[in-house]
2 protein chains.
Amino acid sequence: MFTDITSKDNPTVKQAHKLLGSSHERKSTKMYVIEGQRLCGDALISKARIITLFFTEEAQQRSADLIECLECAAEASYRVTPEVFEKVSDTKHPQGICCVCAMPEPTTDIKQEGRYIALENISDPSNLGTILRTAEAFNFDGAVISGDSCDVYNPKVLRGSMGAVFRLPIIHTDNFPAFMQECKLRGMRPIAAVPDRNAVSITSVRFFRGVLMCIGNEAQGLTEETVKSCGEKVTIPMLGRAESLNASISASILMWEMSRGK
Amino acid sequence: MFTDITSKDNPTVKQAHKLLGSSHERKSTKMYVIEGQRLCGDALISKARIITLFFTEEAQQRSADLIECLECAAEASYRVTPEVFEKVSDTKHPQGICCVCAMPEPTTDIKQEGRYIALENISDPSNLGTILRTAEAFNFDGAVISGDSCDVYNPKVLRGSMGAVFRLPIIHTDNFPAFMQECKLRGMRPIAAVPDRNAVSITSVRFFRGVLMCIGNEAQGLTEETVKSCGEKVTIPMLGRAESLNASISASILMWEMSRGK
């Protein structure tokens, strides 16, 4: 069952609009917006809690099955006009389906023998999305993300992650170097990825269990405190222009080296 | 020496605006637009032919040295108002410097012993830019790009490539599978990268000289003709969700494997 909404000033529409644009709003309400058939379908399969479903009549005709399933899962469903849909959409060519979801309970659980990608102050949403997508592709056990990184529930991150955000365990920490320190005390191995030709080459490192691979900000890299907390440093040896790897590419090559078997 | 332009309707401004938005215009005039201190400085160092320089008074104060050097290199220089600059800019927060450059002469030269990334119908400009950037970082000898791929001189590709477009030899071909066939006849080794678990793992391939690594479209992959032309097929063995690697990430991992030494 659904209700029709024809006004952009409807408070439910206005709240979804606010969630799209404001990380602060997402954090305080613990809700976020996903858009498009693929992501909404992914949320369903991944059993994310769907609070509100919005769809247009056109989408209802085109994706009847998906919308029916989403209606069953959603706590409330609204059919909206294309003009109203634009308010709750972040894309140029909206598909006419979006959902407001509830964030999962935050976790701090870390597997002693796991493989983690740990991100300190990653600021670009496409980089963050791509890194989470790759971590899932390589079967990582999760991601650790510093408080000053870009918001995981930013619409661009959600799209770039291809739904990895629903499935990959994500641990948030406001004190990244202290978190690494603590992991080390618990017998895990936090490793700092640095663009330093004197660091150990990633190709000669072995035993990638119980490891947290730490990647820093796109421009500044890891903080000194984090590098100190880690102790161990690795680098990607380069033949060409060393400064010239995008953060998501470096992170992916490091994750690949942790996965490829040597 | 520079001339002041205060009108958006100035024909030089209008042409630059057209070059920004139209791949057709770029192809027919063999010119393109680059923007920002970094790319313009890169063009200068890389000895790209700079036809027109545009800058604002604010940029002139902030980056006096760079603008002076660009003025010497440019065939014509114009100081423009912020409103006019917006017309020749593709970014949200323009830095007030941009140049119209001439495309280099097309090349078909290929090094028999070289390492190439070969891209068939790559459609996303950020993917294309990132792949070119990574190819340069790993000291590849060049890129082969199919005619139906995204335009290399698209502003997003130029930005994503971090100037690699100025330095990396780029070969354009309208018949991608025939080009690969020809390279094979000349003793080189075109390899098709495919998402097929039965293909040879990239980790067990050796001798990466005289190789063209072929990457296909983000959604459809390589065409059948190209896969046939190549003969050899490789894949990235995956532990997790196989479909879940972005095209620029797959390409980068393949280039890394061709570079890392085994």
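Engineer: I'd love a proper account of the packing of aromatic side chains, names of residues and values included.
Structural biologist: Residues and elements named next belong to chain A. Going through the model one piece at a time under the given rule, you end up with 8 aromatic pairs over all chains. Residues Phe-138 and Trp-256 carry aromatic rings whose centres are separated by 5.7 Å and whose planes lie at 45° to one another, so their mutual orientation is tilted. Remark: Trp-256 occurs in helix α12 (residues 247-259) and Phe-138 occurs in the loop between α7 (125-137) and β7 (142-146); sequence separation between them is 118 residues. Each of the two residues, Phe-138 as well as Trp-256, counts as buried.

Engineer: Kindly report on unusual backbone geometry, identifying the contributing residues and their values.
Structural biologist: Phi is positive for Lys-47 of chain B, close to 60°, though the residue is something other than glycine. Along the polypeptide, Lys-47 of chain B turns up in the loop between α3 (37-45) and β3 (49-56).

Engineer: Lay out the domain arrangement of chain A in plain terms, naming residues and giving numbers.
Structural biologist: Residues and elements named next belong to chain A. What the domain assignment reports for chain A is domain 1 (3-102) and domain 2 (115-259). Taking the mean C-alpha position of each, domain 1 and domain 2 sit 31 Å from one another. On the side of domain 2, 10 residues touch domain 1, which itself brings 15 residues to the contact. Interface area lost by domain 1 to domain 2 is led by Arg-26, Tyr-32 and Leu-39, which between them contribute 38%. In this assembly, domain 1 and domain 2 are joined by 3 salt bridges. Linking domain 1 with domain 2 are 5 residue pairs in polar contact (both at pLDDT 80 or more). For the side of domain 1 that touches domain 2, the elements supplying multiple residues, two or more each, are α2 (23-29), β2 (31-35) and α3 (37-45). Tallying contributions element by element places α3 first for the side of domain 1 that touches domain 2, with 4 residues. Considering only residue class, the side of domain 1 that touches domain 2 consists of 7 nonpolar, 3 polar and 5 charged.

Engineer: Residues and numbers for the relation of the copies chain A and chain B, please.
Structural biologist: Each of the two chain copies can be brought onto the other by rotation about an axis and movement along it. Aligned on chain B, chain A shows an RMSD of 0.0 Å; the corresponding rotation is 180° and the shift along the axis is 0.0 Å. Such values leave the two copies arranged in the relation of a two-fold axis. Interface overlap between copies is the fraction of interface residues in one copy that are interface residues in the other; for chain A against chain B it reaches 100%, indicating a shared surface.

Engineer: So, the packing of α12 of chain A against helix α12 (residues 247-259) of chain B: which residues are in play, and what are the values?
Structural biologist: It is at 10 Å that the axes of α12 of chain A and α12 of chain B come closest, and there the two elements cross at 60°. Comparing the axis directions of α12 of chain A and α12 of chain B gives the class oblique. Every pair of crossing elements has a handedness; the one defined by α12 of chain A and α12 of chain B is right-handed. Residues Ser-248, Ile-249, Ser-252, Ile-253, Trp-256 and Glu-257 of chain A of α12 of chain A touch α12 of chain B, and the partners they reach there are Ser-248, Ile-249, Ser-252, Ile-253, Trp-256 and Glu-257 of chain B. A class-by-class count of the residues in the contact of α12 of chain A with α12 of chain B yields 6 nonpolar, 4 polar and 2 charged.

Engineer: Help me get a handle on the side chain of Ser-89 of chain B, residues and values and all.
Structural biologist: Residues and elements named next belong to chain B. By the element assignment, Ser-89 lies in the loop between α6 (82-87) and β5 (97-102). Within the structure, the side chain of Ser-89 is placed 2.7 Å from the side chain of Glu-35, a separation counted as a polar contact. Each residue touching Ser-89, except ones within four places of it in the same chain, is listed here: Leu-20, Glu-35 and Pro-94.

Engineer: If you had to explain the sheet that holds strand β8 (residues 170-173) of chain A to someone new, which residues and values would you point to?
Structural biologist: Residue and element names in this part refer to chain A. Pairing is parallel across the open sheet formed by 7 strands, whose spatial order is β8-β7-β6-β11-β9-β12-β10. Sheet topology places β8 and β10 (200-201) at the edges, where each strand pairs with a single neighbour. Direction of pairing for strand β9 (residues 189-193) relative to strand β11 (residues 211-215): parallel, over a ladder of 4 bridges. In the sheet register, Arg-189 faces β11, and the bridge partner there is Val-211. Against the sheet, α7 touches β6 (115-119), β7 and β8, its axis set at about 175° to β6. Strands in contact with helix α10 (residues 176-185) are β6, β7, β8, β9 and β11; relative to β11, the strand with the most contacts, it is inclined by about 160°.

What counts as what
Residues numbered from 1 in each chain as written. Chains lettered and ligands numbered in written order. Predicted model: local features only at pLDDT ≥ 70, side-chain atom pairs only at ≥ 80, totals over all residues. Heavy atoms only, no water. Phe/Tyr/Trp six-rings, centres within 6.5 Å; stacked < 30°, edge-to-face > 60°. Helix = DSSP H or I, 4+ residues; strand = E, 2+ residues; numbered from the N terminus. Buried < 20%, exposed > 50% of the residue type's maximum accessible area, 1.4 Å probe, protein only. Domains from an automatic or database assignment. Contact = heavy atoms within 4.5 Å. Buried area = accessible area lost by both parts, 1.4 Å probe. Salt bridge = Lys/Arg side-chain N within 4 Å of Asp/Glu carboxyl O. Polar contact = N/O pair within 3.5 Å; in protein donor to acceptor, adjacent residues only side chain to side chain. Nonpolar A, V, L, I, M, F, W, Y, C, P; charged D, E, K, R; others polar. Least-squares fit on C-alpha atoms with pLDDT ≥ 70 in both. Axes fitted to C-alpha atoms, helices over the stretch in contact; angles between N-to-C directions. Parallel < 35°, antiparallel > 145°, perpendicular 65-115°, else oblique. Left-handed = near helix turned anticlockwise from the far one by under 90°. Pairing = 2+ DSSP bridges.

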